[in-house]
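Understanding the architecture of this molecule
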Amino acid sequence: MKKLLHVILTVLLAGGLIACSQDGGVDTPKKNKSYVFVTDTGGLEDRSFNQTSWEGLTKYAKEASLKEGEDYSALISKTESDYLPNLTAFAGNRDLIVAAGFLFADTIAQTAEAYPNQNMLIIDVESLDTTKYPNVQQAVFNEHEGSYLVGVAAAQMAKNAGKDAVGFIIGMESDTMNKFWSGYQQGVYSIDPEMKILYTNIDSFDSEEKGKSAASLQYEDGAYVIFHAAGAAGMGVIKEAADRREAGKDVWVIGVDTDQYQYGVYGDGSKSAVLTSMLKRVDTASYNAAKAIAEGTFKGGVVRYSLKDGGVGIPEENPNLPEDVATKVNEAFDAIKDGTVVVKEKYER
């Protein structure tokens, strides 16, 4: 009998089914962590919010040598009715589910309640009960701080050009989106309290046509610079600015979420209509959450990303910002960072 047991153990050890650690314990084979990303209706290639969130997840996945389609994947939501089935499609058999956007708030709550052991990250939501949903990490950003910076840039550019109006186009109104508007106003008025700000809510994050039409109207009404916070619909705003500059019109547009300079290129490709962009590092949020899952440090609750810790800001390189405008923006950045200027989340003039 002893001889038989010895043979069995030898076979098991040779086959790698049992591996002994240095302290004499037994280690189980390591398994890759798995992730799924669910977009909102803007799609995976919105060149803005969804795309940047996905890029953060894929960055970590590549660093960890994970296989797309096997260890990590994305689900596209074409309509809001896709949110719940997409979230629950992999619930219970993925280590982390990432959902991009405040539109997921209700469905994330439903999924978290039905699958209490499923870790999830939702971006742009901080309203969920952290006690009731301890498995959900809520990543939020100080969009108002970054928007203040581009408000300074827009107003100073307009002032230098002898103009008296700038514009703002929002994809949809919500507590999160209204922080863009609040910060932008404060930044503009810090340069010129009398500057006019044109405001349009296009009620869409995916219609480039609506974005382009709204931009056309604002430019016709005198806006010199337009800041868009409209996801994929903002591509239409950028297109309108690029078309006008190619036609010899002196107008500018400000991008959002990621550096959108390349999307405003026109003519021979050497110039762009994008003045600068308000960076919102949603890629950092998805990257950090994925890494925390792998390291066993993932926690639910609210995680806030601010200007001070690099969560929001503007690109390091801004070819279209004149030196005097860049100086004003940098001064504003330092003032917010050291607390000299406190930007309000909610602002009413």
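Residues numbered from 1 in each chain as written. Predicted model: local features only at pLDDT ≥ 70, side-chain atom pairs only at ≥ 80, totals over all residues. Heavy atoms only, no water.

**Structural notes on the overall build of the chain**
Scanning the chain from N- to C-terminus turns up 10 helices and 16 strands. The dimensions of the chain, computed from C-alpha atoms along their principal axes, are 95 × 45 × 40 Å. Within the chain, the proportion of its 349 residues that are buried is 53%. Here the chain has roughly 16,600 Å² of accessible surface; of this, 48% comes from carbon and sulfur atoms. (Helix = DSSP H or I, 4+ residues; strand = E, 2+ residues; numbered from the N terminus. Buried < 20%, exposed > 50% of the residue type's maximum accessible area, 1.4 Å probe, protein only. Areas by Shrake-Rupley, 256 points an atom, 1.4 Å probe, with all protein chains shown as cover.)

**Digging into helix α6 (residues 175-191)**
Given a rise of 1.5 Å per residue, 17 residues ought to cover 24 Å, and the 25 Å separating the end C-alpha atoms of α6 matches this to within 8%. Of all the 17 residues making up α6, 14 are buried; the element is thus mostly covered by neighbouring parts of the structure. (Expected span 1.5 Å × (residues − 1).)

**Structural notes on the nonpolar core**
Membership of the largest hydrophobic core comes to 85 residues, with the highest contact counts inside it found for Y35, I108, V166, F168, Y184, V225 and F227. For this core, the leading source of residues is helix α5 (residues 143-160), giving 9 residues. Ranked by size, the runner-up nonpolar core spans 19 residues in total, among them A233, A241, Y266 and V274. (Core = buried A, V, L, I, M, F, W, Y, C linked by side-chain atoms within 4.5 Å.)

**Comments concerning the side chain of N320**
Relative to the elements of secondary structure, N320 occurs in the loop between β16 (312-313) and α10 (323-337). Engagement of the side chain of N320 in a polar contact is seen with the backbone oxygen of S272, the distance being 3.0 Å. Excluding anything up to four places from it in sequence, N320 contacts W252, Y261, S272, V274 and L275. (Polar contact = N/O pair within 3.5 Å; in protein donor to acceptor, adjacent residues only side chain to side chain. Contact = heavy atoms within 4.5 Å.)

**Notes on the pairing of strand β10 (residues 225-229)**
Extensive coverage of β10 is indicated by the burial of 5 of its 5 residues. Alternating positions in β10 separate into two faces, V225, F227 and A229 on one and I226 and H228 on the other, with burial throughout. As paired elements, strand β8 (residues 165-170) and β10 share 4 bridges and run parallel to each other. By the bridge assignment for β10, F168 is matched with F227. In this structure, β10 lies alongside strand β11 (residues 252-257), joined through 3 bridges in parallel fashion. Paired with F227 across the two strands is I254, which belongs to β11. In the classification by handedness, the crossover that spans β10, the intervening helix α8 (residues 234-246) and the parallel β11 is right-handed. (Pairing = 2+ DSSP bridges. Right-handed = clockwise from strand over helix to strand, strands pointing away.)

**Quick notes on the sheet that holds β11**
Strand order in the open sheet made by the 6 strands is β9-β8-β10-β11-β14-β16, with mixed pairing throughout. For this open sheet the edge positions go to β9 (196-201) and β16, each flanked by a neighbour on one side alone.

**Some details on the environment of A165**
Its place among the elements puts A165 in strand β8. Residue classification places A165 among the buried positions, given a relative accessible area of 1%. Between the alpha carbons of A165 and N178 there is a distance of 20 Å; along the sequence they are 13 residues apart. Setting aside residues up to four positions removed in sequence, A165 forms contacts with A158, M195, K196, G222, A223, Y224 and V225.

**Details of the packing of α5 against α10**
Helix packing geometry: the angle between the two helix axes and the distance between the axes. For the pair α5 and α10, the least separation of the axes is 9 Å and the interaxial angle reads 150 degrees. Comparing their axes, α10 and α5 come out roughly antiparallel. In the crossing of α5 with α10, the sense of the turn from one axis to the other is right-handed. Contacts between α5 and α10 involve E145, Y148, L149, V152, A153, Q156, M157 and N160 from the first element and D324, V325, K328, V329, A332, F333 and I336 from the second. Partitioning the contact of α5 with α10 into residue classes produces 10 nonpolar, 2 polar and 3 charged. (Axes fitted to C-alpha atoms, helices over the stretch in contact; angles between N-to-C directions. Parallel < 35°, antiparallel > 145°, perpendicular 65-115°, else oblique. Left-handed = near helix turned anticlockwise from the far one by under 90°. Nonpolar A, V, L, I, M, F, W, Y, C, P; charged D, E, K, R; others polar.)

**Thoughts on the environment of K31**
The residue K31 is located in the loop between β2 (26-27) and β3 (35-38) in this model. Taking the relative accessible area as the measure of exposure, K31 reaches 67% and is therefore exposed. For the pair K31 and I226, spaced 195 residues apart in sequence, the C-alpha separation works out to 48 Å.

**Considerations on the confidence of the model for the chain**
Averaged over every residue, the pLDDT of the chain is 91; residues scoring 70 or more account for 91%. The low-confidence segment residues 1-30 (pLDDT under 50) makes 10 contacts with residues lying over four places distant or belonging to another chain. (pLDDT = per-residue confidence, 0-100.)

**Some details on the pattern of salt bridges**
As enumerated under the stated definition, the model contains 14 salt bridges in all. Two residues, D243 and K239, come together in a salt bridge whose shortest N-O distance is 2.9 Å. Highlighted residues: D243 and K239, both in helix α8, separated by 4 residues, approximately one helical turn. Among the salt bridges present, the one from R244 reaches E240, with a minimum N-O distance of 2.7 Å. (Salt bridge = Lys/Arg side-chain N within 4 Å of Asp/Glu carboxyl O.)

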